[in-house]
Amino acid sequence: MSNRRPSTVAGLATARGYASGPVFIYRSDGEIPVPEYIIADGREDDELLRLNRAREDVHRDLEGLIAVLKERAGRGDVRIFECHQMLLEDESLRRETERHIREDRLNAAAAVKKTIAGARAQFARMNDPYFRERVRDIDDIERRLLKTLTGYEHNPAEGLTVPSIIVADDLTPSETVQLPRELVLGFATNGGSTTSHVALLARALAIPAVCGLGDITSRAEPGETVLLDGTNGAVTLSPDEGLRIQFEDLVRRQREIAEEARTGKPAGTLKDGGEVLIYANVHPGIPLAGVTEYGARGIGLYRSEYLWLDKETEPTEDEQFEAYKRTVIYAGKIRPGASATIRVLDIGGDKLVRGISTKEANPFLGNRSIRYLLTHRDVMLRQVRAILRASAFGKVKLMYPMVSCIEELRDAATVLEAAKRELDSEKIPYGKDIQVGVMIEIPAAALNADDFARYVDFFSIGTNDLIQYTMAADRGNDAVAHLYQPFNPAVVRLIRETVAAAKRHGIQVSVCGESAADPIVGIYWASLGVDVLSMSATYIPVISKILSNLTRADLDEYAKVPDSMPRGSTAQEIFDACQQWMVKKLPDLQDVFL
Ligand code: PEP
Ligand code: MG
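The paragraphs below set out a description of the structure included in this document. Because the structure is a prediction, the values reported are computed rather than measured. Every chain begins its residue count from 1, and numbering advances along the sequence as written. Throughout, the order in which chains and ligands are written sets their labels, letters from A for the former and numbers from 1 for the latter. With pLDDT at 70 or above as the cut-off, local features in this predicted model cover only qualifying residues; side-chain atom pairs require 80 or more to be listed or tallied, and sums for whole chains, interfaces and linings still use all residues. The basis for every side-chain value is the complete set of heavy atoms in the structure, and neither hydrogens nor water enter the calculation.

## Notes on the overall build of the protein
Just so we agree on the cut-off: For the purposes of this entry, the term helix denotes a DSSP run of H or I that reaches at least four residues, the term strand denotes a run of E that reaches at least two, and both are numbered from the N terminus. The buried label goes to any residue with under 20% of its type's maximum accessible area, the exposed label to any with over 50%, and the partly exposed label to all in between, with areas taken from a 1.4 Å probe on protein chains only. Residue contacts follow a heavy-atom distance rule, with two residues in contact if any of their heavy atoms lie within 4.5 Å. For the area figures, the Shrake-Rupley method with a 1.4 Å probe applies, and any residue is considered shielded solely by the protein chains shown.
When helices and strands are tallied, the protein shows 24 helices and 16 strands. For the protein, the proportion of its 594 residues judged to be buried stands at 53%. Taking all contacts inside the protein whose residues are at least 6 apart in sequence as the whole, residues at least 24 apart take part in 69%. Here the protein has roughly 26,400 Å² of accessible surface; of this, 50% comes from carbon and sulfur atoms.

Set out below in structure tokens:
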């Protein structure tokens, strides 16, 4: 047990909930173990051949990287890798490595390590900062050569044998998915932000998480017990007994509130009997049972891309069909007529799939999501066919992500028509009344909402991306998290425009971004007239609990709070005013939303 004093590290409240347990440090790319041995007499040439082949492989990899970068990025990025190629071919480094093989009879990997260690020391001694920086390039070349020579494949989760708090620099969606759920009590990461995909995943899996903790990987000791508070965004290291008892009390209180909300009226019922529909966001790989347990009244967003992320290749039409069908049937069991909104493949940005996503200089602005599908119509056709086939088993809504213009909507409609024609001619049944909707998650879409409404049956506002694109602030980068504000007046204006357009055209409008689950922000969207709030199921009880204590007249009053602020108020000031209104209105529920 650690003798250190308790210390609390503040981060971003990423996924609500509490967890205490031992720390497991997850390192995405550990030290490469390099065997060192004396090669048998007469095997020097074989070892030199291995070294040359490895060098050629690395050279080829770099060549590929340069070609891609030349096409898509600036000269500066290319120069880094050209410099790596030069280092790889450097005569003195090459001769030194070969000498270690011939004269010291070292195996190739050990010879590389020894040569690079010498060069690194030389560079590090130089006064010129430019040359000192070159150490990083040498490290990079060394890693590439050693990986090729040793066939090193690293499993960062090796050694995770007991339920633990995963402490990491950052995690990609596939790394997160691949961790054994039963061994993960919580996530604490140096980087990341509240809407990164790790965050979404943590919420969907009901795993508490705190991101943006800075240097938690170096502060936390492997195996020590820590307290993770995903609701307020804090991790306490080396807690004493008093802190632990306090923490457990907090956990109990929150659980009671959630339980009470769960056993009351249907989710989203207002005090005066009105309602705001509360749906769940789901994706393949999470147990659907949780959805009903938390009171969801339908599935508002099915993130189909996780079928790709899990496998890292395109799932077949039949595999997709089976997954969609299961979800649709499940939705039908929630209540008669409940729908499942299935969103077509939304890859790109931070959701990269090996073999599909190409390297782009600006992936968030690149050929992603619907843009990828419309340039890979065969992939889209297979997916739309699978979704249509599933619609024979219940109520399906088909949704297009990342649409920015009418052309894309028209184009997508031709694929849908083609899929229907094919199924008709193959006599395969599908629901003829399938509704088609569009995500409003690009500012252009919000501004075009009036035109979009002519082409679709519903809107779903994706605030995760809408905020990112409006504020030009990466949703996964904690360094710009302060700019990522749902209450920035520009964001609010776009959402109001979208809701107004939906009302003018009599179509349903929902919010399925994570802000829907925020007690202050989500309720504000509802007050603006949003029909559906769709969120990770675990957040439903709290939002429901708040709504059950408000009437429509209360919501109307709440909607006016930001308007009553003086012009020039900041997003934080607007948030604070809304929070104050809520505290005054529902003093007994402060634990829920403070
Ligand atoms: C969004 O952008 O708000 C959204 C729901 O989509 P995703 O988070 O999957 O990008
Ligand atoms: Mg999105």
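## Observations concerning the packing of aromatic side chains
Here is the rule: Think of it this way: a Phe, Tyr or Trp ring, Trp meaning its six-membered ring, pairs with another when their centres are within 6.5 Å, and the plane angle makes it stacked under 30 degrees, edge-to-face over 60, tilted otherwise.
Applying the stated criterion to the full structure yields 9 aromatic pairs. When the ring of Phe 487 is compared with that of Trp 525, the centres are 6.2 Å apart and the planes differ by 75°; the resulting orientation is edge-to-face. One end of the pair, Phe 487, is in the loop between helix 18 (463–471) and helix 19 (489–505); the other, Trp 525, is in helix 20 (residues 521–527), and 38 residues separate them in sequence. Judged by its relative accessible area of 0%, Trp 525 falls in the buried class.

## Quick notes on helix 21 (residues 540–547)
Think of an α-helix as turning once every 3.6 residues; residues three or four places apart then point the same way. In terms of residue burial, helix 21 counts as a mostly covered element, since 8 of its 8 residues are buried. The set of residues buried in helix 21 consists of Ile 540, Pro 541, Val 542, Ile 543, Ser 544, Lys 545, Ile 546 and Leu 547.

## What to know about the pattern of salt bridges
Selection criterion: A pair is scored as a salt bridge if a Lys or Arg side-chain nitrogen falls within 4 Å of a carboxyl oxygen belonging to Asp or Glu.
Scanning the entire structure with this criterion turns up 29 salt bridges. Taking the shortest distance from any N to any O, the salt bridge between Asp 57 and Arg 60 comes out at 2.5 Å. Separated by 3 residues within a single helix, Asp 57 and Arg 60 lie in helix 1 (residues 44–72), roughly one turn from each other. Note on Arg 60: relative accessible area 53%, which makes it exposed.

## So, the site of ligand 1
Worth spelling out the cut-off: Near is defined per residue: the residue qualifies when any heavy atom it owns lies within 4 Å of the molecule or strand. As used in this structure description, the phrase polar contact means that two N or O atoms lie within 3.5 Å; if the pair is within protein, one of them must be able to donate a hydrogen and the other to accept it, and residues adjacent in sequence are counted only when both atoms belong to side chains. Asp, Glu, Lys and Arg are counted as charged, while Ala, Val, Leu, Ile, Met, Phe, Trp, Tyr, Cys and Pro are counted as nonpolar; the rest, among them Gly, fall into the polar class.
The environment of ligand 1 is formed by 16 residues, the closest being Arg 303, Arg 343, Gly 462, Asn 464 and Arg 475. Between ligand 1 and Arg 303, the relevant distance is 2.7 Å, taken from an oxygen atom to a side-chain nitrogen or oxygen of the residue. Within the side chain of Arg 475, one N or O atom sits 2.7 Å away from an oxygen atom of ligand 1. Contact with the protein chains covers 100% of the free accessible surface of ligand 1, which is 290 Å². When contributions to the shell around ligand 1 are tallied by element, the ones reaching two or more residues are helix 7 (197–204), strand 10 (299–303) and helix 18. Sorting elements by how many residues they give to the shell around ligand 1 places helix 18 first, with 3 residues. Looking at the shell around ligand 1 residue by residue, the class counts come to 4 nonpolar, 5 polar and 7 charged.

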